[in-house]
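Inside the fold
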Amino acid sequence: MKEAPKKYMNPYLAGFFLGFVLLTTIYVTGRGLGASGAIKSLVVQTVETVAPQHAAATDYYITQKQNNPDGPLKSWLVFEVLGVIIGAFLSAVVSNRVTVKIEKGPGVKNGIRIAAAIFGGALFGFGSQLARGCTSGAALSGMAVMSFGGIITMMSIFGMAYAMAWFFRKLWINKVN
Amino acid sequence: MGPLVPDIISNEFNFIIAIIVGMGFGFALEQAGFGSTRKLVGLFYGYDFTVLKVFFTAGVTAMVGITALNHFELLDVDIIFINPTFLWAAIIGGLIMGGGFIIGGFCPGTSVVAAASGKIDGWAFVFGAGLGIFAFVEGYPLIKDLMVAENLGDLLVFEMMGISREAFALIMVFVATGAFIGVTMIENKVNNRATQWLKSDITKYSIGIGLAVLVILITVVTPTRGELMNKRIDEKIASGECRPQMMDDDKLAYELMHNYYHFNVVDVRSPEEFKKFHIPTAINIPLEELHKAENISRIVQNIKTNVFYGASYEQSQRACLVSKYHGKADNFALNSTADEFNTNFFLLSGDAPDNKLDNETFVFRKEAAQKLKEIGEAVANLDKPVVKKAKRVQGGCS
């Protein structure tokens with residue numbers, strides 16, 4: 001691991017490749033890519049394992065069970081995200097980018113970065129369920145099939161992130177302009 | 001043709017497909033630098049617009065591809081998953097995610113990529129996303145109303161704007177190009193770099209954009225297979241050649257009474273009209289859908305002779321030519337309309353006319369109506385081809 005990490009791919013080339021993967025997915029399976037849905041399946045499985053009585057008594061889990069009689073983990077998105085993990089890991093290996101570390105803005109403490117990541121993740125997870133998809137499932141796949149809702153969600157995500165960027169600048173950039 | 005699941009690729013094998021496309025997805029995201037949180041949020045502070053470049057390029061690539069596949073009838077856009085629009089949930093969910101993005105520095109997909117390449121903050125984000133989803137699931141009864149409010153269905157953005165799919169794709173190509181030029185300038189300014197437009201880069205990117213525009217223009221200019229077929233048929237009708245063989249209603253009635261199993265009677269009117277009245281033993285394929293692959297297999301077969309009828313002679317003639325166009329030689333067009341057939345046979349009333357010739361016809365038709373009814377009832381459940389109904393694919397992230 002002495003070699004320096006390789007440069008990232010040209011963003012337009014990477015985008016074309018990503019778009020091609022998405023197009024292939026839609027052509028073959030009729031559905032787009034996603035990510036948050038797999039995390040939900042994991043959450044539902046965890047609850048069903050840890051607190052079966054609670055799961056059996058709550059409407060949401062009951063509906064989930066009816067929709068996925070083979071168990072929450074036997075879902076398309078779970079397999080897809082398994083693929084994402086494999087693909088991302090392989091990509092990081094060939095480009096010498098596998099390192100165990102915490103990445104953060106300059107001068108930010110590790111604890112703060114981790115807390116922010118968990119809190120941000122919680123917001124994102126919550127929002128993704130409300131909007132029926134995250135950046136992958138609603139924004140990107142929605143844009144590809146020209147769904148109105150997908151494009152609205154995309155604009156809301158990026159609009160809000162821009163609107164709040166100034167307030168959270170200390171998490172990411174050192175100097176205040 | 002597409003989507004290939006579930007008819008060509010089974011639902012079980014689809015899980016293997018999921019892993020394969022997932023690998024491509026993960027590989028593309030990691031190569032683009034989406035495993036790095038600072039690269040992601042660079043978008044919001046102007047120092048790195050990789051996210052916008054990758055995201056927009058990917059979206060437009062897929063969009064143009066779908067437009068082209070749809071045009072060449074390789075992909076049925078009516079059954080692929082379209083993210084449904086629940087307006088308030090889409091907006092509010094998006095706003096909450098935007099907050100999560102700027103605080104957490106990832107989105108779910110990219111956090112998985114970061115986690116896979118060893119970033120602890122990526123793992124933290126995935127864990128957080130799990131907590132957020134858990135909160136959503138537990139709080140679902142409270143949010144339920146918001147979740148389903150203002151349901152606009154499978155609304156497509158170009159329909160909303162009142163333009164064609166191709167026009168919207170073209171607009172998006174230009175919007176993306178404009179955005180790429182703009183953000184490159186901002187990025188250089190923020191990083192105190194001079195903006196240089198290298199000739200080689202301009203050539204390279206122009207080719208890419210030009211290709212996208214070209215693909216869209218090809219879909220605009222070239223006719224679809226259905227349009228091409230209709231054009232050829234129009235030409236043939238106009239030039240007067242290739243008249244379909246005609247069959248009159250008495251002949252059809254006679255044939256059905258004696259050898260109904262030799263005939264594939266096709267009603268090309270709308271399903272509503274078909275439901276009101278149809279000639280016994282007839283199947284219904286609306287004319288506009290006749291040329292579709294799943295219907296062609298029902299009319300191009302070796303065993304039976306096709307007899308087409310519709311609301312007008314033009315309809316049955318055209319249906320006959322569509323069948324011929326796809327390679328079935330043995331076709332007849334009924335020279336009376338569905339309504340005429342109904343009047344001549346089933347609505348026949350009064351006494352038999354005195355004239356001997358008319359009298360014979362009258363008696364025959366009365367008898368035929370009775371017999372056809374019986375045959376129709378007898379074969380109602382036997383002879384019908386299995387109707388293959390394509391269902392919209394279930395998808396999405398929730």
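Residues numbered from 1 in each chain as written. Chains lettered and ligands numbered in written order. Predicted model: local features only at pLDDT ≥ 70, side-chain atom pairs only at ≥ 80, totals over all residues. Heavy atoms only, no water.

Here we come to a positive patch on the surface. All names here are of chain B. On the surface, Lys231, Arg232, Lys236 and Lys324 cluster together into a positively charged patch. In terms of residue count, the dominant contributor to the positive patch is helix H11 (residues 225-239) (three residues). Tracing the backbone through its elements, the reader meets Lys231 in helix H11. (Patch = residues over 30% accessible without salt bridge, like charges linked within 9 Å, V, L, I, M, F, W, Y side chains within 5 Å. Areas by Shrake-Rupley, 256 points an atom, 1.4 Å probe, with all protein chains shown as cover. Salt bridge = Lys/Arg side-chain N within 4 Å of Asp/Glu carboxyl O. Lys, Arg positive; Asp, Glu negative; His and termini not counted. Charge placed at Lys NZ, Arg CZ, Asp CG, Glu CD. Helix = DSSP H or I, 4+ residues; strand = E, 2+ residues; numbered from the N terminus.)

Let us now look at the interface of chain A and chain B. Between chain A and chain B, the contact holds 116 residues from the first and 131 residues from the second. Across the chain A-chain B interface, the total number found is four salt bridges. The partner of Glu12(B) in a salt bridge is Lys74(A), and the shortest N-O contact between them spans 3.4 Å. Remark: the boundary between chain A and chain B carries 40 residue pairs in polar contact (both at pLDDT 80 or more). Sorting the residues of the side of chain A that touches chain B by element identifies helix H1 (11-29), helix H2 (36-50), helix H4 (59-67), helix H5 (76-94), helix H6 (110-130), helix H7 (135-144), helix H8 (148-165) and helix H9 (169-172) of chain A as the ones contributing at least two each. Class assignment for the residues of the side of chain A that touches chain B results in 72 nonpolar, 33 polar and 11 charged. (Contact = heavy atoms within 4.5 Å. Polar contact = N/O pair within 3.5 Å; in protein donor to acceptor, adjacent residues only side chain to side chain. Nonpolar A, V, L, I, M, F, W, Y, C, P; charged D, E, K, R; others polar.)

Residue and element names in this part refer to chain A. Taken as a whole, chain A is organised into domain 1 (1-100) and domain 2 (103-177). For domain 1 and domain 2, the distance between their C-alpha centres works out to 18 Å. On the side of domain 2, 10 residues touch domain 1, which itself brings 10 residues to the contact. Counting the surface lost from both domain 1 and domain 2, the interface buries some 630 Å², and carbon and sulfur atoms represent 67% of this. (Domains from an automatic or database assignment. Buried area = accessible area lost by both parts, 1.4 Å probe.)

Below, the discussion takes up the sheet that holds strand E6 (residues 305-309) of chain B. Residues and elements named next belong to chain B. Taken together, five strands build an open sheet; the order of strands is E3-E7-E6-E4-E5 and the sheet is parallel. Only two strands of the sheet have a single partner each, and these edge strands are strand E3 (245-247) and strand E5 (283-284). Across five bridges, the pairing between strand E4 (residues 263-267) and E6 is parallel. Looking at E6, one finds that Asn264 is bridged to Asn306. Each of E3, E4, E6 and strand E7 (331-334) touches helix H12 (residues 249-259); the most contacted strand, E4, lies at about 130° to it. Here helix H15 (residues 313-325) sits on the sheet and contacts E3, E6 and E7; the angle it forms with E7, its principal contact strand, is near 170°. (Pairing = 2+ DSSP bridges. Axes fitted to C-alpha atoms, helices over the stretch in contact; angles between N-to-C directions.)

Relative to the helices and strands, Ala28(B) is located in helix H1 (residues 13-32). When the C-alpha positions of Ala28(B) and Val54(B) are compared, they lie 9.5 Å apart, and in sequence the two are 26 residues distant. Setting aside residues up to four positions removed in sequence, Ala28(B) forms contacts with Ala14(A), Phe17(A) and Leu18(A).

To continue, consider the nonpolar core. Counting residues in each nonpolar core, the largest one holds 121 residues, and the members touching the most others are Met143(A) and Phe44(B). Broken down by element, the residue count for this core peaks at 11 residues, all from helix H3 (residues 50-71) of chain B. Beyond its immediate sequence surroundings of up to four residues, Met143(A) is in contact with Ala138(A), Ile151(A), Met154(A), Phe55(B), Phe56(B), Gly59(B), Val60(B), Met63(B) and Met172(B). Membership of the second largest hydrophobic core comes to 21 residues, among which are Phe274(B), Phe277(B), Leu334(B) and Phe341(B). (Core = buried A, V, L, I, M, F, W, Y, C linked by side-chain atoms within 4.5 Å. Buried < 20%, exposed > 50% of the residue type's maximum accessible area, 1.4 Å probe, protein only.)

On to the packing of H3(B) against helix H9 (residues 165-190) of chain B, then. Any two packed helices are characterised by the angle at which their axes cross and by the distance between the axes. Residue and element names in this part refer to chain B. At their nearest, the axes of H3 and H9 sit 10 Å apart, and the two run at 165° to each other. The orientation of H3 relative to H9 falls into the category roughly antiparallel. Where H3 crosses over H9, the handedness of that crossing is left-handed. (Parallel < 35°, antiparallel > 145°, perpendicular 65-115°, else oblique. Left-handed = near helix turned anticlockwise from the far one by under 90°.)

We now examine helix H16 (residues 338-346) of chain B. Residue and element names in this part refer to chain B. Inspection of H16 places Ala338, Phe341, Asn342 and Phe345 among the buried residues, and these make up the whole buried set. Across the axial projection of H16, the buried residues extend over an arc of 100°, all falling on one side. Of the surrounding secondary structure, the elements contacted by the buried residues of H16 are H12, E6, E7 and helix H17 (356-379). (Arc of directions from axis to C-beta.)

The next point concerns a negative patch on the surface. Residues and elements named next belong to chain B. Judged by side-chain charge, Asp76, Asp78, Glu288, Glu289 and Glu294 come together as a negatively charged surface patch. In this structure, Asp78 sits in the loop between H3 and strand E1 (85-86). Of the residues examined, Asp78 reaches a relative accessible area of 53% and is grouped as exposed.

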